[in-house]
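Geometric and topological summary
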Amino acid sequence: MTAASDGVRRAGAWWDGPRGVIDAVLRRPLASFHLIVTLTVILTVFGLVMVLSASSVEGYSKSGSAYGLFTTQVVFAILGTVLFYVALRIPVRFMRRLAVPSIFVTTLLLALVLIPGVGTESQGAQRWFVVGGLSIQPSELVKLALCVWGAHLLSARLRDHASLKELLVPLVPVAILICTLIILEPNLSTTITIAIIVGTLLWFAGLHLKVFAIFVVSGAAMAIALAMVEGYRSERVQSFLGNIDDPQGAGYQARQARYALANGGLFGQGLGQSRAKWNYLPNAHNDFIFAIIGEELGLLGGLLVIGLFVLLAFVGLRIALRAVDPFLRMMTATITVLISAQALINIGYVIGLLPVTGIQLPLLSAGGTSTFTVLVMLGLLANAARHEPEAVAALAATGDGRIGRFLRLPQPESYAPPRVQAWRARRDRLADPSGLPSRTAPPRVRTAATDPRTTDRRARRGPAAYFGFGATAPDPEPSGRRGARSGRRVPERSPYVRSEYARTEYVGDVRPRRYDTGGQGRSAPRVRYRTYPEAMPTARASRHDDTMSPRYRR
């Protein structure tokens, strides 16, 4: 047995330590998908338990039942679970077709909720529709629609010489319209999240660093101005800065949250044993549920919640970096940053590092529309995880596992470059006489590292382009050892595939050379991706691998 095979066999064993186990888990083709599903289940169940604990006293004092708010949260969690499954099954093409109608419908709902008699006013804000006894907040729905539509818009406009106007229009005007409608409710916290979504989309689209800095400074100045205009917002900011010392007024909520965290200590008072929820801490089940978690479960419980969101951020960005489709890459990165930013801001103002903004803790705070919206976002992340090239190759070779067969998930499709990109590839190939197909050497494909236009674009568009964002999928140069069957070169290591299960090669939408077909003189069909199962003796070839077909074997 060789040293390499022994290293593969021993990878992830208990004597290798935690790092070996983590490496073994992350090397699996469907690791991202399983992690997203697991984190979704853990956060949803844990959130329901904490909402029941934090809302029991307030629910009993208002309606005479300790389970009123909890029952509403369970209904929205069940609805979100159904929508999570729908988002997991939806094809990418259909997802992009729904992008424009979804942003139009949600923006229209934002306008309708401001009409007296149509929208419902509560606590001085008109933000909700009441449908069947359940409150629906359109401003939460528009977050999801903006993530999908923005990714669809920018991924379609990303090209070699995309101008600044193409990146900003119509994304920024639509975002300004949405923010205006949300400010009229009024709702500053959701306005901040909309700005985070737009900023994330523009960052990963490769907006120049100077322009992005101007956008960030303008957004921060506008947020400060809006905070100072309204009386209660200004008092919160002044109390955070220490200019107002009123423990029973503007600083009451933040002070009681810190008291609850201090009362929890290291191990906490026990589940359900919080004292702050007995009408000491307002909105204990909603904006300040992290304080109840810290009081009942202690510092360890708070660190557990932070660790779950850090792991979610890691997995989400991992999916984005491994995605081949620019739309999935940008959408998953935006959703990941949005959920992580909401968790960071919520935990920040609960522990006293940020002024109180009212942004909820995703999946843990009580809020029906927010709960099922985040569940749909996580369903889209899980869908994108199944479209990783490594996952597509493994599912094509071995099929779904137990979870996939139980859920009857459809087979993910390999990414097919759009017609414009295929046309450019053919144009570049025809313009280069030395790039004609040959039997011994594959045609050279323009790569991101050798293309001067790509290099200049990355220099213009800032650091995000170096991480694979803000550009189309790179075309790897097919170089390496020579294939045994087709007489062509097979890449030693594809930039998209890092597994021993399969090798994937991107060749573009071009007509390849004639293969040796036993004198029959048939040409191979047009190919975009080819998958080479190597380490699995019983694996069947992918349907995109024409060279593994018996028709083209020697």
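Residues numbered from 1 in each chain as written. Predicted model: local features only at pLDDT ≥ 70, side-chain atom pairs only at ≥ 80, totals over all residues. Heavy atoms only, no water.

For the rest of this paragraph, the subject is the overall build of the chain. If you tally the helices and strands in the chain, you get 20 helices and seven strands. Across the 554 residues in the chain, those meeting the buried criterion constitute 48%. Within the chain, residue pairs in contact and separated by at least 24 positions form 67% of the contacts whose partners lie at least 6 positions apart. Of the accessible surface of the chain, which amounts to about 26700 Å², a share of 63% is contributed by carbon and sulfur atoms. (Helix = DSSP H or I, 4+ residues; strand = E, 2+ residues; numbered from the N terminus. Buried < 20%, exposed > 50% of the residue type's maximum accessible area, 1.4 Å probe, protein only. Contact = heavy atoms within 4.5 Å. Areas by Shrake-Rupley, 256 points an atom, 1.4 Å probe, with all protein chains shown as cover.)

Angle between the axes and distance between the axes: these two values describe a pair of packed helices. It is at 8 Å that the axes of helix α6 (residues 99-112) and helix α7 (residues 138-157) come closest, and there the two elements cross at 150°. By the angle between their axes, α6 is roughly antiparallel relative to α7. Crossing of α6 over α7 shows left-handed handedness. Facing α6, whose interface residues are Ala99, Val100, Ser102, Ile103, Thr106, Leu109 and Leu110, α7 presents Pro138, Ser139, Leu141, Val142, Ala145, Leu146, Val148, Trp149 and His152. Among the residues making up the contact of α6 with α7, the classes are represented as 12 nonpolar, four polar and no charged. (Axes fitted to C-alpha atoms, helices over the stretch in contact; angles between N-to-C directions. Parallel < 35°, antiparallel > 145°, perpendicular 65-115°, else oblique. Left-handed = near helix turned anticlockwise from the far one by under 90°. Nonpolar A, V, L, I, M, F, W, Y, C, P; charged D, E, K, R; others polar.)

On to a nonpolar patch on the surface, then. On the surface, Leu266, Phe267, Leu299, Leu300, Leu303, Ile306 and Val310 cluster together into a nonpolar patch covering about 660 Å² of accessible area. Positionally, Leu299 belongs in helix α14 (residues 289-322). (Patch = residues over 30% accessible without salt bridge, like charges linked within 9 Å, V, L, I, M, F, W, Y side chains within 5 Å. Salt bridge = Lys/Arg side-chain N within 4 Å of Asp/Glu carboxyl O.)

Before going further, it helps to spend a moment on the pairing of strand β2 (residues 125-131). Where strand β1 (residues 120-122) meets β2, three bridges bridge the pair, whose relative direction is antiparallel. In the sheet register, Ser122 faces β2, and the bridge partner there is Ala125. Pairing analysis gives three bridges linking β2 to strand β3 (residues 134-136), with the strands arranged antiparallel. Residue Val130 lies in a different strand from β3, and its bridge partner there is Ser135. (Pairing = 2+ DSSP bridges.)

Moving on to the pattern of salt bridges. Enumeration over the complete set of coordinates arrives at five salt bridges. For Glu296, the salt bridge is made with Lys277, and the minimal N-O distance between the two is 3.7 Å. Here the residue Glu296 occupies a position in helix α14, and Lys277 occupies one in the loop between α13 (252-264) and α14, the gap between them amounting to 19 residues. What makes Lys277 buried here is its relative accessible area of 6%. Residues Glu388 and Arg322 are paired through a salt bridge, measuring 3.1 Å at the closest nitrogen-oxygen approach. With a gap of 66 residues between them, Glu388 in the loop between α16 (368-386) and α17 (389-398) and Arg322 in helix α14 connect regions that are remote in the sequence. By relative accessible area, Glu388 is classed as buried at 1%. The buried category is assigned to Arg322, whose relative accessible area is 10%. One salt-bridge network, in which partners are shared between bridges, spans Arg322, Glu388 and Glu390.

For α14, spanning 34 residues, the distance from its first C-alpha to its last is only 34 Å, which falls clearly below the expected 50 Å at 1.5 Å a residue. A bend of about 130° at Leu297 is the largest found in α14. (Expected span 1.5 Å × (residues − 1). Bend = angle between axes of the 7 residues up to and from the residue.)

Next up on the list: the packing of aromatic side chains. Applying the stated criterion across every chain, the model contains three aromatic pairs. A ring pair is formed by Phe76 and Phe372, whose centres lie 6.0 Å apart and whose planes are at 5°; its orientation type is stacked. With Phe76 in helix α4 (residues 68-89) and Phe372 in helix α16, the pair connects residues that are 296 residues apart, well separated along the chain. The same class applies to Phe76 and to Phe372, which are both buried. (Phe/Tyr/Trp six-rings, centres within 6.5 Å; stacked < 30°, edge-to-face > 60°.)

Quick look at the sheet that holds β2 now. Across the sheet, three strands lie side by side as β1-β2-β3; this open sheet has antiparallel pairing. Bordering the open sheet on either side are β1 and β3, each of which pairs with just one other strand. Neighbouring strand axes in the sheet, compared pairwise and without regard to direction, differ in orientation by 50° on average.

A separate point is α6. A rise of 1.5 Å per residue sets the reference length of α6, with its 14 residues, at 20 Å; its end C-alpha atoms lie 20 Å apart and thus fit the reference within 8%. The set of residues buried in α6 consists of Ala99, Ile103, Thr106, Thr107 and Leu110. In an axial view of α6, the angular spread of the buried residues amounts to 100°, which keeps them on one side of the axis. For α6, the secondary structure elements touched by its buried residues are α5 (92-97), α7 and α9 (171-183). (Arc of directions from axis to C-beta.)

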